[in-house]
Amino acid sequence: DIQMTQSPSSLSASIGDRVTLTCRASQSVTNFLNWYQHKPGKAPKLLIYAASSLQTGVPSRFSGSGSGTDFTLTISSLQLEDAAIYYCQQSYSVPRTFGQGTKVEIK
Amino acid sequence: QLHLQESGPGLVKPSETLSLNCTVSGGSITSRSYHWGWIRQSPGKGLEWIGSIYYNGNAYYNPSLKSRVGITLDTSKNQFSLNLRSVTAADTAIYYCVRDRVVIISGTYEDFWGQGILVTVSS
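Quantities reported herein were computed from a predicted structural model and do not represent experimental measurements. Within each chain, residue numbers correspond to sequence positions counted from 1 in written order. The lettering of chains begins at A and the numbering of ligands begins at 1, in the order of writing. In view of the model being predicted, local features appear only for residues whose pLDDT reaches at least 70, and side-chain atom pairs are presented and counted only at 80 or more, with totals across whole chains, interfaces and linings using the full set of residues. In computing side-chain properties, one takes all heavy atoms of the structure into account and sets aside hydrogens as well as water.

Chemist: An account of the pattern of salt bridges is needed here, citing residue identities and associated values.
Modeler: Residues and elements named next belong to chain B. Note on definitions: salt bridges are taken to be side-chain nitrogens of Lys or Arg within 4 Å of carboxyl oxygens of Asp or Glu. This model, assessed by the stated rule, comprises 10 salt bridges over all chains. Between Asp-91 and Arg-40 there is a salt bridge, with its nearest N and O atoms 2.9 Å apart. Note that Asp-91 is positioned in the loop between strand 8 (79-84) and strand 9 (93-103) and Arg-40 in strand 4 (residues 34-41), a separation of 51 residues in sequence. Just as Asp-91 is buried, Arg-40 falls in that class too. For Asp-111, the salt bridge goes to Arg-99, with nearest N and O atoms at 2.7 Å. Of this pair, Asp-111 sits in strand 10 (residues 107-113) while Arg-99 sits in strand 9; the two residues are 12 residues apart in sequence, bridging distant segments of the chain. The two residues Asp-111 and Arg-99 agree in class, both being buried. Secondary structure elements follow DSSP: runs of H or I of four or more residues count as helices, runs of E of two or more count as strands, with numbering from the N terminus. For every residue, the accessible area (1.4 Å probe, protein chains only) is compared with the maximum for its type, and the residue is labelled buried under 20%, exposed over 50%, or partly exposed between those bounds.

Set out below in structure tokens:
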């Protein structure tokens, strides 16, 4: 299985801050990397697919980059509603695997 | 708008079979552009992909669960189902049904999710 490692495990930032989350794969996943946002009591929501493609309806303050083994999710200007856990997921090989998540809190 | 809704018992006894259904509305499970799958989240843990099924009924699974899991389609009801045999407390989780969008150059991603159903394994 491809192992996905996210860092940091949690962070606290202020409204308007630029926030960067990192995801590293144990082997190359080319650009087959997705990002999800998960709020308590709700279903996870797809934010980014194929490393950098913004899902329809997702605010443009979210962006993704990277290829191979190293990827980032950036929130350009953090908003109150962005408090959540963010997961990366690779779909390069079966089983599709997720990172352990980064919890984003608002100061 | 596509909507997925999980249903099934919230409590299953150890060694028995966990059975869940996912009813899809606003789209057809026979569409060739999508797969349909299950993902779970155990308490305090991350997300685990269980398996997915094609429009034609072919399924593929997480090897860690493959010996115990089965996913099937019921096209007459526009539903797909999960069966997980010989459950233990470790199978206690929120189970989500999902639609997998499959694009050759982009990979596979879960673009629609059900709200999730908590299944507890306990005697």
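Still more to cover.
Chemist: Tell me about the side chain of Ser-91 of chain A, and name the residues and values.
Modeler: Relative to the helices and strands, Ser-91 of chain A is located in the loop between strand 9 (84-90) and strand 10 (97-98). Within the local environment of Ser-91 of chain A, its side chain forms a polar contact with the backbone nitrogen of Thr-108 of chain B, the two atoms lying 3.0 Å apart. Two residues qualify as a contact provided that any one of their heavy atoms is within 4.5 Å of a heavy atom in the partner residue. Setting aside residues no more than four positions away along its own chain, Ser-91 of chain A makes contact with Phe-32, Asn-34 and Arg-96 of chain A together with Gly-107 and Thr-108 of chain B. Within 3.5 Å is the distance limit for a polar contact, defined as a pair of N or O atoms, with the added protein rule that one can donate a hydrogen and the other accept it, and that residues adjacent in sequence qualify only through two side-chain atoms.

Chemist: Got a sec to walk through the pairing of strand 3 (residues 19-25) of chain A? Specific residues and values, please.
Modeler: All names here are of chain A. Residues Val-19, Leu-21, Cys-23 and Ala-25 line the buried face of strand 3, whereas the alternating positions Thr-20, Thr-22 and Arg-24 sit on a face that is not buried. Should DSSP find at least two bridges between two strands, the strands are taken to pair. Both strand 1 (residues 4-7) and strand 3 contribute to a ladder of 4 bridges, which runs antiparallel. Along strand 3, the bridge assignment pairs Thr-5 with Arg-24. Where strand 3 and strand 8 (residues 70-75) come together, 6 bridges link them in antiparallel fashion. The residue bridging Thr-20 from the neighbouring strand is Thr-74, located in strand 8.

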